[in-house]
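So you can see what is in the structure, the chains are spelled out below.
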Amino acid sequence: MLSFFGQRLGQGAVVLVLISLITFSLINLAPGGPSSAVRLDTTAEQREVLIKQLGLDRPLAVRYLEWGGGVLRGDFGTSMNGGEPVGPKLLERLGNTAQLALAALVLSVVVGIPLGILTALRKNSPLDHAVNGVTTLGMSIPDFWTGIMAILLFAVTLKVLPSAGMYDASGGFSLSGWLRHTILPASVLAFVMLPNLVRFTRSSLLEVLRADYLRSARAKGLSERIVILKHALRNALVPIVAMVGLILPALLSGSVIVESVFGWPGMGRMAVDAALGRDYTTVMAVTVVAGAVVIITNLVVDLAYTLIDPRIRHD
Amino acid sequence: MKTPLKLAALTALLLPMAAAQSDIDPNGKATFVTTAEPTFNPWSPNSFVESNLLNELLFPGLTRWDKNLRPSPDLATSWKASNDGMKWTFNLRRGVKWHDGKPFTAQDVAFTFNDIVLNKELGANQSSEWRNSVEKVNVVNPYTVEFVLKKPWASLPTYLGYYSGILPKHKFEGVKDPWKFVEFNKQNPVGTGPFKVVRVSSGASVRLERNDAYWGGKPKLKEIEFKIIPDSNAQLAQLLSGDVDLISVANPETLDRLKSNPNLVVDLQTQNLYYWISLNQEDPRFRDVKVRQALLYALDRPAMIKSVLRGYAQPATGPIAPIQKNFYTNKVSQYPFDPARAKKLLAEAGWKPGPDGVLQKDGKPFVIEMPTAQYQQLLPITLLIQQYWKNIGVKAELKTMDWNSYIQQVVVKRDYQGTVNWWSTPADPDVLPYYASSSAGTGYNIPGYKNPALDRLLEEGRRATSTSARKKVYTEAQELMAKELPYLYLWYPQMIIVKNKRLQGMRGVTQAADFQYAHEWYVTRK
């Protein structure tokens, strides 16, 4: 078990180095750069000064090694847009994104898994068809559109929820303020994630329901409730946990759009701003941290398998 | 008039005023939007459009613009040029305090210009422009400074009111790199403006509070918040839901919805901004004035304005916009939509129809490579131009890219044949940096246009100090530019500001000028 854990961590580290190398090369090879950012009226002379100030006149390899050395020491460098240290800011933004992603995940799981179970048990019923229709919509409508429509309905027309931001205008934290601001973006994010979860739960459960051991369980005279909850669901849960693991990276990438629409100060928006402004250090930090989150999540999901189904061993 | 009657008349006159005054909410708060986290330093090369307006509230300049967009006193109370125009003396306002209570003096002005703006190593915003004209700033006494120029610059007072805020010397003492002075630039700036920053919530908002010690009296608003909302649809939703009090609308298509909202008022502002097509003068085809004129005759600009801008613009005749009432003239060469004339001019320039309908000269088809950016309305405008030019046998090949890559290709590398964009400048007819032969290839002169006659006129304009002398020079310059077309002038767009009715006291001139008088704003009680 421990060797499996060590092996996976090692693989993860290699993947992270590769991600950083590819990202570093790509952003530096892309046309434009921090020195040509945004202003049409920056002159060649000013650009040269900026290139020197930002150290962009040095070889790519030297810059990468310097950056990597910094990261190993826990220093993500300073933003090319404003000189702020990237690390602490990223941590703050990651926390905000985690709050949004977690809220969306909870919503997806709480609504999605029961809906999946229900539609599996009532296969081909009107409820099954209705849920199927709604999930198809959820999968096909882009999240920015859903977001804008949600804002128009709940914030503009009904005026029951705020349309953007994370906290109340006072700027301070209050649970009610946070909840009010979280409902819309988390629901939109969940609406996009939900279809996969519902459908996967449904098909996973349907497959298990056909298994021989369930027939045996029923033949033994167990109640249907026990058969479903104790025997069927437990086995169906393994692929569902894997699915939740897959949803997390999707939540991170989905938050890029949702955070922009709802003005949520998270990592997704930080990534968009940094990419548009060619803030290389911030782009690198966001990519590596997002990559690490995905790798660690997958590892945790793998470990969770063994807890749900002890037959699975990571040797 | 008998006394009781007088009294009644006076009461009748004053009552509405009193009512209006009592409607002012003394604890009023206004909320604006900005697209990204601002940098609280008007000279930082990282301070872009998201920071400009906010910085106006924090860092006043020596001058600001009055209702007619003329430079009027702000931190300077009066100014005078020497007879040869090489030295300008500015008398500074006394009793002004920085947000941290320290007194504002001439040292701050000298520091801002000598150590920040004119420092070649720093590459501050607009610094090329300043370094081209200003030698140094001398402190004459604690309340007088002297701008020593390299060459006459009649528009100096105007430029001093154009995003040229003064920074506090005492805060920057011991700071090695002013752009990395994060504590100031990102968190706790210190200015002399009517509002001061009290809280920055990363990626979310910036909260400002009124500066009770503002020299112009206590600002009427107690608080201003800038929400950071990059998405224009989200901005619109915030305005409609009443969470934001003012936005500028880039896409006029949404205006009908906004106009029908009883809580909102649409304010159309003209400004010193013009859209243009730049034709690269490195390309010999575009050095022929007949070709440039033909390509402008081929465009139905009123129809383009109607379709892309929903009518919120007027065709441009040159770089001096009608808002500059003292200098603008439309008695210059005009280019109404006339495809027949366009074809005739191109034929005179040697372009003959080819077999595939595309004009040819020396066996080469008339194809224009046009990079454009996925930014605001640049793409739809370029697509329309492509259609109009196709009708006269000129093929435009579009290449769409993101803004940053576009800047790299068009401005840095000058690797383009034609492109569409706009200039926004202070409301002054001095357009020398944009047209001078000396800035072709590297500076603001994007087409790389060179014309000694225009150079002479623009230099003369910088030497002329009286309005009448300047008017004469710039009328001539406008005539020349309309005839020669260094750029193909498209239109002067109107800026569309939509605001909540409760927010009042704005002058409604241009947004930049409005933000220089933020202490006059107020909100009414609900």
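As the structure is a prediction and not an experimental result, all values here were calculated from the model.

## Side note on the sheet that holds strand 20 (residues 418-424) of chain B
Residues and elements named next belong to chain B.
(1) Moving on: Read across the sheet, 3 strands follow the order 20-13-21 without closing on themselves; strand pairing throughout is antiparallel. Both outer strands of the open sheet, strand 20 and strand 21 (488-489), are each paired with one neighbouring strand and no more.
(2) Moving on: Here strand 13 (residues 273-279) runs beside strand 21; their pairing, made up of 2 bridges, is antiparallel. Within strand 21, the residue paired with W276 across the bridge is Y489.

## Considering the pattern of salt bridges
(1) Moving on: A full pass over the atoms with the stated rule returns 26 salt bridges over all chains.
(2) Moving on: Between R215 of chain A and D212 of chain A there is a salt bridge, with the nearest N and O atoms lying 2.7 Å from each other. Of this pair, R215 of chain A and D212 of chain A both sit in helix 8 (residues 212-219), 3 residues apart, which is roughly one turn of that helix. The pair R215 of chain A / D212 of chain A is uniform in exposure class, with both members exposed.
(3) Moving on: The shortest N-O distance in the salt bridge between K344 of chain B and E348 of chain B comes to 3.4 Å. Of this pair, K344 of chain B and E348 of chain B both sit in helix 12 (residues 339-348), separated by 4 residues, roughly a single helical turn.
(4) Moving on: Classification of K344 of chain B by relative accessible area gives exposed; the value is 54%.
(5) Moving on: Three or more residues joined by partner-sharing salt bridges are found here, namely E84, K89 and R93 of chain A together with E37 of chain B.

## Things to note about the packing of helix 4 (residues 86-121) of chain A against helix 11 (residues 280-308) of chain A
All names here are of chain A.
(1) Moving on: Between helix 4 and helix 11, the shortest axis-to-axis distance is 11 Å and the interhelical angle comes to 45°. By the angle between their directions, the pair helix 4 and helix 11 is classed as oblique. Handedness of the crossing formed by helix 4 with helix 11: right-handed. Contact residues: helix 4 offers V86, L90 and L94, while helix 11 offers T281, T282, A285, V286, V289 and V293.

## Comments concerning the nonpolar core
(1) Moving on: Counting 147 residues, the largest nonpolar core has W130, F147 and W389 of chain B as the members making the most contacts within it.
(2) Moving on: Examining the composition of this core, we find that 7 residues originate from one element, helix 3 (residues 106-117) of chain B, more than from any other.
(3) Moving on: Within the second largest apolar cluster, 60 residues are counted, among which are A150, I228 and M243 of chain A together with I229 of chain B.

## Topic: the UniProt feature "transmembrane region" (unreviewed entry) in chain A
All names here are of chain A.
(1) Moving on: Sequence positions flagged by UniProt for "transmembrane region" (unreviewed entry) are, in local numbering, residues 12-30, 100-121, 133-158, 178-198, 236-262 and 282-308.
(2) Moving on: Its end C-alpha atoms 26 Å apart, residues 133-158 is made of 88% helix and 0% strand.
(3) Moving on: Strand forms 0% of residues 282-308 and helix 100%; the C-alpha atoms that close the span are 38 Å apart.

## A word on the UniProt feature "domain: Solute-binding protein family" (unreviewed entry) in chain B
(1) Moving on: Within this numbering scheme, the UniProt entry marks residues 71-441 of chain B as carrying the feature "domain: Solute-binding protein family" (unreviewed entry).
(2) Moving on: Between the C-alpha atoms that bound residues 71-441 of chain B the distance is 31 Å, and the span itself is 27% helix and 26% strand.

## Points about a nonpolar patch on the surface
All names here are of chain A.
(1) Moving on: Taken together, the side chains of L102, V106, L107, V110 and V111 define a hydrophobic patch exposed on the protein surface, amounting to about 410 Å² of accessible area.
(2) Moving on: The topology assignment puts V106 in helix 4.
(3) Moving on: Among the residues examined, V106 registers a relative accessible area of 47% and is labelled partly exposed.

## Some points on the interface of chain A and chain B
(1) Moving on: The interface is formed by 47 residues belonging to chain A together with 55 residues belonging to chain B.
(2) Moving on: Summed over both partners, the interface of chain A with chain B comes to about 4200 Å²; 51% of that surface belongs to carbon and sulfur atoms.
(3) Moving on: Within the residue set of the side of chain A that touches chain B, elements represented by two or more residues are helix 2 (44-53), helix 4, helix 6 (143-157), helix 9 (224-261) and helix 10 (267-276) of chain A.
(4) Moving on: Among the elements that line the side of chain A that touches chain B, the one with the most residues is helix 2 of chain A, at 7 residues.
(5) Moving on: Residues belonging to the side of chain A that touches chain B are distributed by class as follows: 19 nonpolar, 17 polar and 11 charged.

About the criteria used
- Residues numbered from 1 in each chain as written.
- Chains lettered and ligands numbered in written order.
- Predicted model: local features only at pLDDT ≥ 70, side-chain atom pairs only at ≥ 80, totals over all residues.
- Heavy atoms only, no water.
- Pairing = 2+ DSSP bridges.
- Helix = DSSP H or I, 4+ residues; strand = E, 2+ residues; numbered from the N terminus.
- Salt bridge = Lys/Arg side-chain N within 4 Å of Asp/Glu carboxyl O.
- Buried < 20%, exposed > 50% of the residue type's maximum accessible area, 1.4 Å probe, protein only.
- Axes fitted to C-alpha atoms, helices over the stretch in contact; angles between N-to-C directions.
- Parallel < 35°, antiparallel > 145°, perpendicular 65-115°, else oblique.
- Left-handed = near helix turned anticlockwise from the far one by under 90°.
- Contact = heavy atoms within 4.5 Å.
- Core = buried A, V, L, I, M, F, W, Y, C linked by side-chain atoms within 4.5 Å.
- UniProt positions renumbered as here; feature names shortened; annotations may be inferred.
- Patch = residues over 30% accessible without salt bridge, like charges linked within 9 Å, V, L, I, M, F, W, Y side chains within 5 Å.
- Areas by Shrake-Rupley, 256 points an atom, 1.4 Å probe, with all protein chains shown as cover.
- Buried area = accessible area lost by both parts, 1.4 Å probe.
- Nonpolar A, V, L, I, M, F, W, Y, C, P; charged D, E, K, R; others polar.

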